[in-house]
Each structure stands twice: as structure tokens, then as C-alpha cells.
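# Observations on the model geometry
Chain residues, written in single-letter form:
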Amino acid sequence: MNAKLQRYYNKKMNGGRSLIARMIDFIMLRSFLLFVIFIAVLYLSRSTLVAILISIFMTCAISIVMILIKRKKAEKYMQKDLQRIRQKCLLETLTLMDAGEYAEYMGRIFENSNVSITGDGFTAEHKGRYIYAFHNHPSSECGVTELLRAYRALKDKQKITIVSLSDFSDDAKKLCISLPAEIHLVPGKDVLILANKLGMMPDEETAKEKAEKEMNETIITFEKLKKSAFGRTKVKGYIICGIVVMCWPFVSGFRFYYPLIAIICFAMAILTYRKNRQAKESSDIGIS
């Protein structure tokens, strides 16, 4: 894993705090630890030299242990997040597959036979059970309507497995109990578990590329700040802010910087309005 990605994960693990903030925390914690150990040893030994040496040694030893524990924790965190990204990649890939590719991939997981493509997935047989696999989006919950559709397609079968890339709703799960058939539900998370056991997940390099893409999306650049500052919805906000700042001296008394802030707010409102108007005119005449 490259250094840039490691720094991203270290920052993510520490609540988004910057490297400088983490370094300050590191120094402050060690300094406090050194002071506490020094006072304790000095009280017991009554020797300043002994207290200094022991406190330095113990602080270094504790720091090393803490670093090793944190490094181990960081490795587990990174592996867990990469696994999450691999699962996300697989679900995205399965969603965008055509019907034949999807049936072929799922067939490798469930060892299907007698596959028949349907409008929303496929049906197949697997070790005496009949499968209805939905080719749906992972974010769209599989509800009662979808479950009834699968059951009606296989209503003359007694053992039915219904597969979905998303989860099943609570109502759909309750409906399974009342239907006159042995129905087994396989949600998206179980599909991922089976794919992982069979070694059919995307490789780690693909996950790292996806992680780098997520990292780049979280980096605040000047262009992002500029786009946010001059957004179309900001005009009213700047005007309201300018009016409030102009009226504020009547509440708290006059300060020389209030008019300056108000002028800046109104200037930002004018600039934002003109920028968005120019962008609209350019789009209207086909300039991109």
C-alpha cells in the first residue's frame, strides 16, 4: 500500500484529525506520561537521577508498546475497509452485468442448472431446490411485491431459494412463513460471504484503486471551495448575511469592521449572481 493511502487511513482512523494535530497529541500524551512516572518514582526512590532515568525508560517502553498496538489496529482497520470496498465493487459489478453474465456468475456460486433468464433476473435449479435470483440494485430493498412475483413463478415447487443483491424487507420475511412452501432467502450480504469463500471477490489491487478514488473525493481542493463559495444557492445567503451585519451595530454598538464585512457579503452576492448568470448564458448557447 502506498504512503499516500496509508496517511489517508491514519487520518480516517483518528477522526479526520490532521498530522499536526496527531503529533501534538502524541507529544502531549508522552509528556504527561513522563511527568506522572517521574513524580511516582521520585516519591518512592527520593532520587532525582533515578526518577529521570526510570521515567524516560518506562515512557519509551510504553510508547513502543502503544505504537505496536496502534499499528496492528491500523492494519486490521485497513484490511476491513479494503474488504468493504471489495464487497462494494462486487455488488456494483454484478448490478451492471447483463442478464447472461449475471446468471453465469451466480451459477458459479450456487452450481445452477436449467437456467432460464427472466425480466428481473433468472430462475434455476440447485441440488433439488429451485432458485429465483433477482438482478436488482443493492440499495433497493426486496419487498413483498418482488417476493410474491418469485413465488408465483415457482408456486408449484416446494423448495424455493430467493436470491437478492439487496436485503429483504421485514414484511417479505414474515410473508415467507405464511406461504405454503419451504422458502430460503439469500440477501446480498450472504451472496458476498459465499463469493468470498469461493475466492470470487475482486482482487486487492482493485480495492486499493477504489480506496484511492474515495480518498481523492474527500480531499478539499481550491476548485471545490470555489465551486461551493459561488454556488447558485449562496446568493440569498450572502445578501441576508450582509443585511444582518449592517443591522448588528444597533444591537451591540458600532464597530469599524461591521461595514467591511457587509460590503464583502454584498460583493460576494454580486459576484456569485454574475458568475451563475454567465454560466447559464454559456450553457444556453451550447458552450461547455
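I will try to describe carefully the structure that is included in this document. (Residues numbered from 1 in each chain as written. Predicted model: local features only at pLDDT ≥ 70, side-chain atom pairs only at ≥ 80, totals over all residues. Heavy atoms only, no water.)

### Remarks on unusual backbone geometry
Backbone geometry places Arg46, a non-glycine residue, at a positive phi of 60°. Inspection of the secondary structure assignment puts Arg46 in the loop between α2 (19-45) and α3 (48-96). The class of Arg46 is exposed, set by a relative accessible area of 65%. (Helix = DSSP H or I, 4+ residues; strand = E, 2+ residues; numbered from the N terminus. Buried < 20%, exposed > 50% of the residue type's maximum accessible area, 1.4 Å probe, protein only.)

### A short note on helix α7 (residues 188-197)
The complete set of buried residues in α7 reads Gly188, Val191, Leu192 and Ala195. For α7, the buried positions fall inside an angular range of 100° around the axis, keeping them on one side. Across from the buried face of α7, at angles greater than 90 degrees, the exposed residues are Lys189 and Lys197. Once α7 finishes, Gly199 follows within two positions and takes phi at roughly 70°, a positive value. (Arc of directions from axis to C-beta.)

### Focus on helix α6 (residues 170-178)
For α6, the complete set of buried residues consists of Ala172, Leu175 and Cys176. All buried residues of α6 fall inside an arc of 105° around its axis, so they share one side. What points out from α6, more than 90 degrees from its buried face, is the exposed set Asp170, Asp171, Lys174, Ile177 and Ser178. Looking at the buried residues of α6, the elements they touch are α5 (144-153) and β5 (182-186). (Contact = heavy atoms within 4.5 Å.)

### Quick notes on the sheet that holds strand β4 (residues 159-163)
As summarised here, the arrangement of the 5 strands in space is β1-β2-β3-β4-β5, forming an open sheet in which the pairing is mixed. Only two strands of the sheet have a single neighbouring strand rather than two, namely β1 (113-118) and β5. Adjacent strand axes in the sheet meet at a mean angle of 20° when their direction is disregarded. Across 4 bridges, the pairing between β1 and strand β2 (residues 121-126) is antiparallel. When the bridges of β2 are listed, Thr118 appears paired with Gly121. Helix-sheet contacts for helix α4 (residues 99-110) involve β1, β2, β3 (129-134), β4 and β5, and the interaxial angle to β2 is about 25°. (Pairing = 2+ DSSP bridges. Axes fitted to C-alpha atoms, helices over the stretch in contact; angles between N-to-C directions.)

### Looking at a nonpolar patch on the surface
Together, Leu29, Val50, Ile54, Phe57, Met58, Ile62 and Met66 give the surface a local cluster of nonpolar side chains, amounting to about 560 Å² of exposed area. Counting residues per element, the nonpolar patch draws most heavily on α3, at 6 residues. With respect to the helices and strands, Ile54 occurs in helix α3. (Patch = residues over 30% accessible without salt bridge, like charges linked within 9 Å, V, L, I, M, F, W, Y side chains within 5 Å. Areas by Shrake-Rupley, 256 points an atom, 1.4 Å probe, with all protein chains shown as cover. Salt bridge = Lys/Arg side-chain N within 4 Å of Asp/Glu carboxyl O.)

### Observations regarding a negative patch on the surface
Together, Glu141, Asp167, Asp170 and Asp171 line one region of the surface with negative charge. In this fold, Asp171 is placed in helix α6. (Lys, Arg positive; Asp, Glu negative; His and termini not counted. Charge placed at Lys NZ, Arg CZ, Asp CG, Glu CD.)

### Things to note about the nonpolar core
Counting residues in hydrophobic clusters, the biggest one holds 22 residues, and the most contacted among them are Tyr102, Tyr105, Met106, Ile109 and Val163. At the level of secondary structure, the elements contributing two or more residues to this core comprise α3, α4, β2, β3 and α7. When residues in this core are grouped by element, the largest group, 6 residues, is from α4. Among residues more than four places away in sequence, those in contact with Met106 are Asn112, Phe122, Val163 and Val191. (Core = buried A, V, L, I, M, F, W, Y, C linked by side-chain atoms within 4.5 Å.)

### A few points about the side chain of Thr59
Tracing the backbone through its elements, the reader meets Thr59 in helix α3. Sequence-distant contacts of Thr59, that is, excluding residues within four places in its chain, are made with Arg30, Leu33, Leu34 and Ile37.

### Concerning the pattern of salt bridges
Taken as a whole and judged by the stated rule, the model has 3 salt bridges. Between Glu182 and Arg129 there is a salt bridge, with the nearest N and O atoms lying 2.9 Å from each other. Separated by 53 residues along the polypeptide, Glu182 in strand β5 and Arg129 in strand β3 bring together distant segments of the chain.

Worth remembering: the numbers are spatial, not functional.
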